[in-house]
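Fold and contact review
So the chains spell out like this:
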Amino acid sequence: MIDAPKADTRGSAGARQRHAVVVGASVAGLLTARVLAGFVDRVTIVERDRLPEGPEPRSGVPQSRHPHVLLEGGQDALDVLLPGFMDELRAAGAPRVGLPADVVQWQDGRWLRRLPASAYIYSGSRVQLEHLVRRRVLADQSITVIEGAQVTGLSGDASRVCGVLLGKRGDGTGRAARHLAADLVVDASGRGTKAGQWLSALGAEGAPEEVIDAGLAYATRIYRDPSAALGTDFLGFYVIMNPRQLYGGLLLPMEDGRYTATLAGLRGDQPPTDQDEFVAYAKKLPHPFVHQWLSTAEPLSPVFGFRQTANVRRRYDLPGRRPAGFLAIGDALCTFNPVYGQGVSVAAMSAVALRDALADPRRTPTTRRVQRALLAVSRQAWDISAVTDKAMPGATGNALAPRAVDRATGWYLRRIQERYPGDPVVGEAFRAVLTLTSPVTALFAPKVVRAVLRPALAAPVDPPMVPEGSPGT
Ligand SMILES: Cc1cc2nc3c(=O)[nH]c(=O)nc-3n(C[C@H](O)[C@H](O)[C@H](O)COP(=O)(O)OP(=O)(O)OC[C@H]3O[C@@H](n4cnc5c(N)ncnc54)[C@H](O)[C@@H]3O)c2cc1C
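Residues numbered from 1 in each chain as written. Predicted model: local features only at pLDDT ≥ 70, side-chain atom pairs only at ≥ 80, totals over all residues. Heavy atoms only, no water.

1. So, the overall build of the chain
For clarity, the threshold we go by: Secondary structure follows DSSP: runs of H or I at least 4 residues long count as helices, runs of E at least 2 residues long count as strands, and numbering of each begins at the N terminus. Residues are treated as being in contact if the distance between any of their heavy atoms lies within 4.5 Å. Computed with the Shrake-Rupley method and a 1.4 Å probe, the accessible areas treat only the protein chains shown as cover for residues. His is not counted, nor are the chain ends; Lys and Arg add positive charge and Asp and Glu add negative charge. Where a charge lies is defined by one atom per residue type, namely NZ (Lys), CZ (Arg), CG (Asp) and CD (Glu).
Broken down by element type, the chain carries twelve helices and 22 strands. Along the first, second and third principal axes, the C-alpha set of the chain runs to 75 × 50 × 40 Å. Long-range pairs, those at least 24 residues apart, make up 72% of the contacts in the chain between residues at least 6 apart in sequence. Accessible surface, the chain as shown: approximately 19800 Å² in total, 53% of it carbon and sulfur. The chain carries 56 positive and 46 negative side-chain charges, and their two centres are separated by 5 Å.

Pasting the structure below:
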């Protein structure tokens, strides 16, 4: 157990059971519980929602109405944590989408060449993914869930956390109904975490927050496509936002032949949730395909909006008076602008890092050391989303100042983005970084550097509706 007194060692005669509490039964909380079950006697997850039996939305995870792509880094981590998980996801119908071949993409004023796929994402529904994770994790008898209960604070003092305080859902009084003792508490309560307040109440310090908010807002609706305009030559259509393209659009397949359609814009000119206005908003995109598709496809849901998309990183690694026995993981540690599709993958990769840090025979897993390892996992995803968002017009936050490393690599990265739509070598390397399977340093491999430095290849001027290498191309 992290920072535990020696008397608590597992297996010693008469030792009490070691107990970990995880706050939140979403993806990060469930995967964390899975890992902790290998190191303690009992794990209790506290979840403020009542959990559905099947793949259904719930109020604690409002983002589940929006598309959730699963990157390759996350796929690998899920298979490590829950062997065979990706087979289950495929069997449940989650579409596998090859990049760049299967998606028509517009980026930075150009269409990406539809070269053979070098990376694959899964685009099934978020509720299905969470349901499958939940079913696997909760089959473990040493993991229990307290549903419909809200963690309202921590017990212990500024040097050590000893458990959590539980209130009933919606109990805004802050009165604790119950104390749940624990040797370790892990906050997986998501982007709205109250951990800063909980730590202050103990006399400890919350983590300093870095914030970069591009002001992006989403609206999503689910459709069926009777015209089969999607699904034949290409599976999805994506207009990528950047400082020169302030409107985004994404059509992606889900299970059961359904599609999610998401429109994105900046606050002040955000996509509407009114059904007719939602369709009309798609006219702002640089190509009419999405508008035409929305005008003929069959809607299956209302339009759902989402506006809290800031990147927020809680720097538990910085010096401060913080107690042993308390960790943060998932969105409670580092929240990304969802447009980059990283959160679930980073949550899964963080759970693998937690396992490795706890199992490392060379180092005592102190709270600080483990927390640093968790933060390190999110660094690449943070650099992708936060650094890109800094450049958006009107971006706000306290982490906007360019770092020396941004300045030094800025020219090179801009050049990569210019080459990415048309160059197969740059495209493959950059995609591997974006899907979290290669480190950023892979962009500096000699063959990538050579491709970056040579003159740009022409990118298509019309949407490439048929992938390269198909008959007739
Ligand atoms: C619009 C949108 C689109 C996204 N798209 C993608 C995508 O394409 N790909 C991707 O990988 N990620 C995406 N994400 C991110 C992804 O949803 C999260 O990263 C992922 O759910 C992991 O989050 P989490 O488990 O840390 O927290 P959450 O999923 O937010 O879950 C937190 C849980 O804690 C519970 N809880 C909160 N407070 C308490 C409390 N006090 N006591 C008890 N329980 C509590 C909540 O009810 C909830 O169950 C998207 C996010 C948004 C907002």
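Having seen it, we continue.
2. A few points about unusual backbone geometry
Here leucine 99 and proline 100 are connected by a cis peptide whose omega angle stands at 5°. With respect to the helices, strands and loops of the structure, proline 100 is situated in the loop between β3 (96-99) and β4 (103-107). In this model, alanine 228 sits at a positive phi of 55°, which is unusual for a non-glycine residue. Along the chain, alanine 228 falls in the loop between β13 (216-224) and β14 (236-239).

3. Let's talk about the pairing of strand β8 (residues 149-156)
Definition in use: Pairing between two strands requires that DSSP report at least two bridges joining them.
Sheet topology note: the β8/strand β9 (residues 161-168) ladder contains seven bridges and is antiparallel. Bridge pairing in β9 links leucine 154 to valine 164. In this structure, the hairpin formed by β8 and β9 is closed by a connection of four residues.

4. Focus: helix α1 (residues 27-36)
For clarity, the threshold we go by: For every residue, the accessible area (1.4 Å probe, protein chains only) is compared with the maximum for its type, and the residue is labelled buried under 20%, exposed over 50%, or partly exposed between those bounds.
Burial runs high along α1: nine of the ten residues are buried. Where α1 is concerned, the buried positions are Val27, Ala28, Gly29, Leu30, Leu31, Thr32, Ala33, Val35 and Leu36.

5. Some thoughts on the site of the ligand
Worth spelling out the cut-off: Proximity criterion: a residue is near a molecule or strand once any of its heavy atoms comes within 4 Å of it. Distance and chemistry together define a polar contact, namely a pair of N or O atoms within 3.5 Å, with one atom able to donate a hydrogen and the other to accept it when in protein, and with adjacent residues in sequence counting only for side-chain atoms on both sides. Ten residues, namely Ala, Val, Leu, Ile, Met, Phe, Trp, Tyr, Cys and Pro, are considered nonpolar, four, namely Asp, Glu, Lys and Arg, are considered charged, and the remaining ones, Gly among them, are considered polar.
The environment of the ligand is made up of 33 residues, and the closest members are Ser26, Glu47, His68, Arg126 and Asp331. In this structure, glutamine 63 approaches the ligand through a side-chain N or O atom, which is 3.0 Å from an oxygen atom. A distance of 2.4 Å is found between an oxygen atom of the ligand and a side-chain nitrogen or oxygen belonging to arginine 126. Contributing elements (two or more residues each) for the shell around the ligand: α1, β2 (42-47), β8 and α8 (343-359). Of the residues contributing to the shell around the ligand, the split by class is 13 nonpolar, 14 polar and six charged.

6. So, the side chain of histidine 68
Here histidine 68 shows up in the loop between β2 and α2 (72-81). In this structure the side chain of histidine 68 is engaged in a polar contact, spanning 3.1 Å, whose partner is the backbone oxygen of histidine 66. Looking at histidine 68, its side chain comes within polar contact range of the side chain of arginine 126, at 3.4 Å. When near neighbours in sequence (up to four residues on either side) are disregarded, histidine 68 contacts Gln63, Tyr122, Ser123, Gly124, Arg126 and Val344.

7. Some thoughts on the domain arrangement of the chain
Just so we agree on the cut-off: Domain segmentation is taken from an automatic or database assignment of domains. Once two parts are put together, the accessible area they lose, assessed with a 1.4 Å probe and summed over both, is termed the buried area.
When its domains are assigned, the chain resolves into domain 1 (7-68 + 130-211 + 310-387) and domain 2 (99-120 + 212-306). Here domain 1 and domain 2 have C-alpha centroids that lie 33 Å from each other. Contacts between the two partners involve 15 residues from domain 1 and, on the opposite side, 14 residues from domain 2. Summing both sides of the interface, domain 1 and domain 2 together bury roughly 1300 Å²; the carbon and sulfur share of this comes to 65%.

8. Quick look at the confidence of the model for the chain
Put simply, the rule reads: For every residue, the predictor states its confidence as a pLDDT score lying anywhere from 0 to 100.
Here the chain shows a mean pLDDT of 91. Residues at 70 or above account for 93%. Contacts of residues 5-13 to residues separated by more than four positions or lying in other chains number eleven contacts, the stretch itself having pLDDT below 50.

9. A short note on the side chain of asparagine 311
Turning to its location among the elements, asparagine 311 is positioned in strand β19 (residues 311-314). Residue asparagine 311 is classed as buried on the basis of its relative accessible area of 0%. Within the structure, asparagine 311 has its side chain in polar contact with the side chain of serine 385 (distance 3.1 Å). Beyond its immediate stretch of four places on either side in the chain, asparagine 311 contacts Glu210, Val211, Ile212, Thr335, Phe336, Asn337, Trp382, Ser385, Ala386 and Asp389.

10. Description of the packing of aromatic side chains
To be explicit about the condition: Side-chain rings of Phe, Tyr and Trp (the six-membered ring for Trp) are treated as a pair once their centres are within 6.5 Å; stacked means planes under 30 degrees apart, edge-to-face means over 60, and tilted covers the remaining angles. Throughout this description, the term charge over a ring refers to an Arg CZ or Lys NZ atom that lies within 6 Å of the ring centre and within 35 degrees of the ring normal.
Tallying each qualifying case throughout the model produces eleven aromatic pairs. The interplanar angle of 75° and the centroid separation of 5.7 Å between the aromatic rings of tyrosine 247 and tyrosine 281 together place this pair among those described as edge-to-face. Within this pair, whereas tyrosine 247 is found in the loop between β14 and β15 (248-253), its partner tyrosine 281 is found in helix α6 (residues 275-281), the two being separated by 34 residues in sequence. Seen from their ring centres, tyrosine 412 and phenylalanine 444 are 4.7 Å apart, and the 20° between their planes marks the pair as stacked. Taken together, the positions of tyrosine 412 in helix α10 (residues 404-419) and phenylalanine 444 in the loop between α11 (424-434) and α12 (446-453) put the pair 32 residues apart, joining distant regions of the chain. On the accessibility criterion, tyrosine 412 (9% relative accessible area) is buried. Three or more aromatic residues joined by ring pairs make a cluster, and in this case those are Trp106, Trp111, Phe234, Phe237 and Phe289. Arginine 96 extends its terminal NZ or CZ atom over the ring of tyrosine 120, reaching a point 3.7 Å from the ring centre.

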